[in-house]
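Structure at a glance
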Amino acid sequence: MVVAIDGPSGVGKSTVSRAVAIALNLAYLDTGSTYRAATLAVLNADVDIGDGQAVLEVVRSLSIDYGTEGVLLDGVSVAQEVRTDRVTSKVSTVSAHPEVRAEIVAVQRAWVARHGGDAVVEGRDIGTVVFPDTRNKIYLTARQDVRAARRARDDEAREASVAEIAAALQARDEADSTRKASPLRPASDATIIDTSDIGIEQVVEAVLDTMKS
Ligand code: DC
């Protein structure tokens, strides 16, 4: 069983997805971290991130995996490095290349297959592209101001203001929603949950409820 949990940044996807995985005793895959790891590798290789073929070559030359300590590049955890501004500011460009997405989606499907086909998978296109046949599709949303405030709390150590975080978030959402390849959008059969005014436990409960019906 695959539980697909999609939505933009700052809706609480990771916290909710982890909790749902624990409640259902399923593996958990954060697909955003696989695109982030690819972006880190591409930046380190110093190739033109706008060149899809060059990016693809770098991505093909290494292994991306996901474990309890987060995402791994060639077996080494890069969980911390992939969350830096250097990576966050470029990940939408790298993940917009269709040929790169095809490669990384194959990595994600293989990971789920290795886990017996049972996992909670969070991302942007899980219900629409990666696992379109799953019955369990959730799309989380929240108002822009709420998402920016949440991200600001996540990034406590950073110096950026909420306004700067809101602007960066909006730019990334815009890029992720308007790209040609697998844009961020709810699957037609997804259950949409607005997390703006409810707590994490209620969101988790709402997700689990959709699976009982
Ligand atoms: O969830 P996140 O913020 O870590 O994701 C980082 C970026 O990766 C996001 O801006 C778009 C891309 N992404 C994607 O294109 N498809 C996914 N399934 C997950 C993430």
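Please refer to the structure placed before this passage.
This write-up is about the structure you can find in this document. Owing to the predicted nature of the structure, the values given are computational and were not obtained by experimental measurement. (Residues numbered from 1 in each chain as written. Predicted model: local features only at pLDDT ≥ 70, side-chain atom pairs only at ≥ 80, totals over all residues. Heavy atoms only, no water.)

**Here we look at the site of the ligand**
In the region of the ligand, 16 residues are neighbours, and Arg 36, Arg 101, Arg 172, Asp 176 and Arg 179 sit closest. Contact distances for the ligand include 3.4 Å between an oxygen atom and a side-chain N or O atom of Arg 83. Arg 172 is positioned with one of its side-chain polar atoms (N or O) 2.7 Å from an oxygen atom of the ligand. Protein coverage of the free-state accessible area of the ligand, which is 450 Å², stands at 98%. (Near = heavy atom within 4 Å. Polar contact = N/O pair within 3.5 Å; in protein donor to acceptor, adjacent residues only side chain to side chain. Areas by Shrake-Rupley, 256 points an atom, 1.4 Å probe, with all protein chains shown as cover.)

**A short note on the sheet that holds strand β7 (residues 136-141)**
As summarised here, the arrangement of the five strands in space is β2-β6-β1-β7-β8, forming an open sheet in which the pairing is parallel. Sheet topology places β2 (27-30) and β8 (191-194) at the edges, where each strand pairs with a single neighbour. In this sheet, neighbouring strand axes are inclined to one another by 20° on average, regardless of whether the strands run parallel or antiparallel. Strand direction decides the pairing type here: strand β1 (residues 2-6) and strand β6 (residues 119-123), joined by five bridges, are parallel. The residue of β6 that forms the bridge with Ala 4 is Val 121. In the packing of helix α2 (residues 31-45) onto the sheet, the strands contacted are β2 and β6, and the crossing angle to β2 comes to about 45°. (Pairing = 2+ DSSP bridges. Helix = DSSP H or I, 4+ residues; strand = E, 2+ residues; numbered from the N terminus. Axes fitted to C-alpha atoms, helices over the stretch in contact; angles between N-to-C directions. Contact = heavy atoms within 4.5 Å.)

**Comments concerning the environment of Val 82**
One can find Val 82 in the loop between β5 (76-77) and α4 (85-88). A relative accessible area of 1% means that Val 82 is categorised as buried. For Val 82 and Ala 41, which are 41 residues apart along the polypeptide, the C-alpha to C-alpha distance reads 9.7 Å. With sequence-adjacent residues up to four places away left out, Val 82 is seen in contact with Arg 36, Ala 37, Leu 40, Val 71, Val 87 and Thr 88. (Buried < 20%, exposed > 50% of the residue type's maximum accessible area, 1.4 Å probe, protein only.)

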